[in-house]
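What follows is each chain in one-letter form.
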Amino acid sequence: MKALEIDKLRKSYGSTDAVKEISFSIEPGEFFGFLGPNGAGKTTTIKCITGIASFQGGTIKVFGIDVVADYRRARTKIGLAPQDFNVDIFAKASDILWYVAGYYGIPSALRKKRVADALERFDLGSHADKRFEALSGGLKRRLMLARAMVHDPDLLILDEPTAGVDVEMRHDLWRYLQDLNKSGKTVLLTSHYLEEVEMLCNRIAIISGGKIAAIGDKSEFTMGGKKLEQTYLEVTKGVNGNGTK
Amino acid sequence: MAPNSINWIALYTFVARETGRVFRIWIQTLGAPWSSAFLYILIFGFVVGQRIDEISGVPYIDFVLPGLIMMNVMMAAFSHTSFALYIMKWIRSIDELLTAPLSYLEMIAGFMIAGVVRAVVTGIGVYLMAVFFTIATINNFFLALVYIVAISIIFSAAGMLVALWSKNFEQLSLPSIFIITPLTFLGGVFNSIDMMPPTLQWIVRINPFFYFVDGLRCSMVGVCEANAWIGAGIIAGLTLGLGYWVWYLFKIGYKIRE
C-alpha cells in the first residue's frame, strides 16, 4: 500500500488549470521532495490532498484511503504544516495545539501530554501562553510544525516549513525530520531551499506548469556530480520552453 | 474512525472553543445586548408603558418583554455564527476544521450549539433584568424554552449562510440591517397586531418573525395572536430547510474550500 497515491489529479481555478492530470505515488517511509517554481501547482496539490481544496478530476489516496469518499479517516493520517499561517491569530500557542489535537479526537489526558511534548520538541514552552500574533516569524513557523505533529500522523506534509526560520532552528528541524523519517513516518516536503531537499529527501518530483516534469530517486537528479539546483533549472526551464535545454 | 460515527471529542472541543470565546469577550457578546435591552425595558416597558393601556389584559411591560427577549435571542444567535464563521474564512483558520476528521454535520453542530448557548444566555439575562421592573411571568417554561432554542437554531443557521455568502464585512452586516431589523420591528415586538392599521396587518401575518415573537409571548404571558400551528410549521420548515442548506453548502465547500 502506498503512503500517497495521486492518479490523474486535475484542479482548475475558473478557466486556469492549476494542476493538469498529474500522477505520482510515495512509498511508506519515504522522504519525498516536491519541487517547482512559484505557481507550479505544489501548494494546490497539497491543498487537494488535505481537503482545503476540492478538485475536478482524478483520485487521491492516503494509505489506501480515498481522501474524498472516506475523508475523515484519511485526514487522521495526515499532518499539514502549510505555507501560509491558517490559524486563529488571537489564540494562545498552547490553545492552538490543544484545540487541534481535540479535533483529531485525542482524549484530554493524552492531549495534555501531546501538547506538552510538542511545545518542548519545538522549543515553544516559554511561548505557550503568548498569542499567535505576538510570536516572531520563526516561532510561528515552529508552531505550525508542532500543530502538524500533535496528532502523530503517518504522513507529514510540509509546505516550505523552514521559510523564515533561523539557521540554528533549521538545522534542529532537519535533525528532527530525519529522526521522524527513520521512525517510519512518511514526509512530503516542498521547499525552495534545494540544498535542504538534497540533504533530506530520497525521492524527488519536480512540478512545472501544473505537470510533473521529472520524478525519480535523488541520485538520478544528481547524476554525474551535478547539483540538484542545476538539474532543477534544466527541467523547469525546459518545461516552460524558455530555457536552454 | 467509522465513517458514520460521531467524533464526540472533536465536537466537544469545537463547542468549548466557540462558547469559551463568548464568555471571554462577554462585554461585547453579552454585555452589549443586555445593556440595550435594559434601556428598552426601562424606557419602552416601564416609562412609556405606564401611559399605555393593558394589551389583552396584561400590562404593556409584560406584553413587550417576550418580544424584547426574542429580538435579542435572534440577534445573538445570528451574530455569533455569522461573525465566527466569517472570521474563520477570512483568516483561513477554517482550514483547521477542513483538514481535521470532522464531518460537515459536526462542524455545523459546533457553530450552532455555540450560537444557541449565546442566544439562551442573552435571553436569560434580558429576562432577569425585567424582574426588577415587573413580575415577568412564564406560564409555560418548557414551551418558552422550546421556542427560544428553536429560533436560536434558525438564526444560527441563517448566520452561517450569510457568513458563507459574504465576501466582505459590509456584506456580512447587510442582512441584519436590511432584513432582520425591519422584520423584527414589523413582527409585533412592541405592539399588538390589532394596533396596526387593518390594511397593514397582512404584512405582519406573512412575516415569520411575528410567529416567533407570538410563540414566546403566548408561552410567557398567555397572549396568543397568531395561529400556533402555522407558527410551528414555519419554525419546523425553516429549521429543516436552513439546516439542510447549510449542510449542503459545507458539503460542496461553498466559499470555504478552494
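A quick note: this is a predicted structure, and the numbers were derived from the prediction, not measured.

About the thresholds
Residues numbered from 1 in each chain as written. Chains lettered and ligands numbered in written order. Predicted model: local features only at pLDDT ≥ 70, side-chain atom pairs only at ≥ 80, totals over all residues. Helix = DSSP H or I, 4+ residues; strand = E, 2+ residues; numbered from the N terminus. Rg over C-alpha atoms; globule rule 2.2 N^0.38 Å. Buried ≥ 20, exposed ≤ 12 C-beta atoms within 10 Å, placed from the backbone. Contact = placed C-beta atoms within 7 Å. Core = buried A, V, L, I, M, F, W, Y, C linked by C-beta atoms within 7 Å. Domains from an automatic or database assignment. Nonpolar A, V, L, I, M, F, W, Y, C, P; charged D, E, K, R; others polar. Bend = angle between axes of the 7 residues up to and from the residue. Pairing = 2+ DSSP bridges. Axes fitted to C-alpha atoms, helices over the stretch in contact; angles between N-to-C directions. pLDDT = per-residue confidence, 0-100.

**A word on the overall build of chain B**
A tally of regular secondary structure across chain B gives ten helices and zero strands. Starting at the N terminus and ending at the C terminus, chain B contains elements arranged as α-α-α-α-α-α-α-α-α-α. The globule rule puts the C-alpha radius of gyration for 258 residues at 18 Å, and the 19 Å found for chain B is close to it. In terms of its C-alpha atoms, chain B occupies a principal-axis envelope of roughly 60 × 35 × 35 Å.

**A word on the overall build of chain A**
Within chain A, the regular secondary structure consists of nine helices and ten strands. In terms of overall size, chain A behaves like a compact globule, its C-alpha atoms giving a radius of gyration of 18 Å where 245 residues would be expected to give roughly 18 Å. Each principal axis of the C-alpha atoms in chain A carries an extent, and together these give about 55 × 40 × 35 Å. Every one of the 245 residues in chain A was classed for burial, and the buried ones make up 49%. At a minimum sequence separation of 6, the contacts of chain A that also span at least 24 residues come to 65%.

**Focus on the nonpolar core**
If you look at the biggest cluster of nonpolar residues, it comprises 147 residues, and the most contacted ones within it are Ala146 of chain A together with Leu68 and Met74 of chain B. With 19 residues, helix α3 (residues 60-90) of chain B is the single largest residue contributor to this core. The residue makeup of this core includes at least three contributed by each of domain 1 (1-77 + 156-245) and domain 2 (85-152) of chain A. Setting aside residues up to four positions removed in sequence, Leu68 of chain B forms contacts with Ala37, Tyr40, Ile41, Val126 and Val189 of chain B.

**A short note on the interface of chain A and chain B**
Across the contact, 25 residues belong to chain A and 23 residues belong to chain B. Secondary structure elements with two or more residues in the side of chain A that touches chain B: α1 (42-50), α2 (71-76) and α3 (93-103) of chain A. Among the residues making up the side of chain A that touches chain B, the classes are represented as eleven nonpolar, seven polar and seven charged.

**Some details on helix α2 (residues 26-48) of chain B**
Taken as a whole, α2 of chain B carries its principal kink of about 25° at Ala32 of chain B; the proline Pro33 of chain B stands between one and four residues after it. Along α2 of chain B, the residues classified as buried are Pro33, Ala37, Tyr40, Ile41 and Gly45 of chain B.

**A word on the sheet that holds strand β6 (residues 78-81) of chain A**
Residues and elements named next belong to chain A. Spatially, β6-β7-β8-β3-β9-β10 is the arrangement adopted by the six strands of the open sheet, whose pairing is mixed. Each end of this open sheet is capped by a strand with a single partner; those strands are β6 and β10 (211-217). Geometrically, the sheet is characterised by an average inter-axis angle of 15° between neighbouring strands, direction not taken into account. One ladder, built from five bridges, connects strand β7 (residues 155-159) with strand β8 (residues 186-190); its direction is parallel. Each residue of the ladder has a partner; that of Ile157, found in β8, is Leu188. Helix-sheet contacts for helix α5 (residues 137-149) involve β6 and β7, and the interaxial angle to β6 is about 175°.

**Side note on the confidence of the model for chain A**
A low pLDDT means the predicted coordinates there should not be read in detail. Residue and element names in this part refer to chain A. On average, residues of chain A score 89 in pLDDT, and 97% of them reach the 70 mark or higher. By mean pLDDT, helix α9 (residues 228-240) is the weakest element of chain A at 78, and strand β5 (residues 65-66) is the strongest at 96. Overall, residues 241-245 carries pLDDT values under 50, and its contacts beyond four positions in sequence, including any with other chains, amount to eight contacts.

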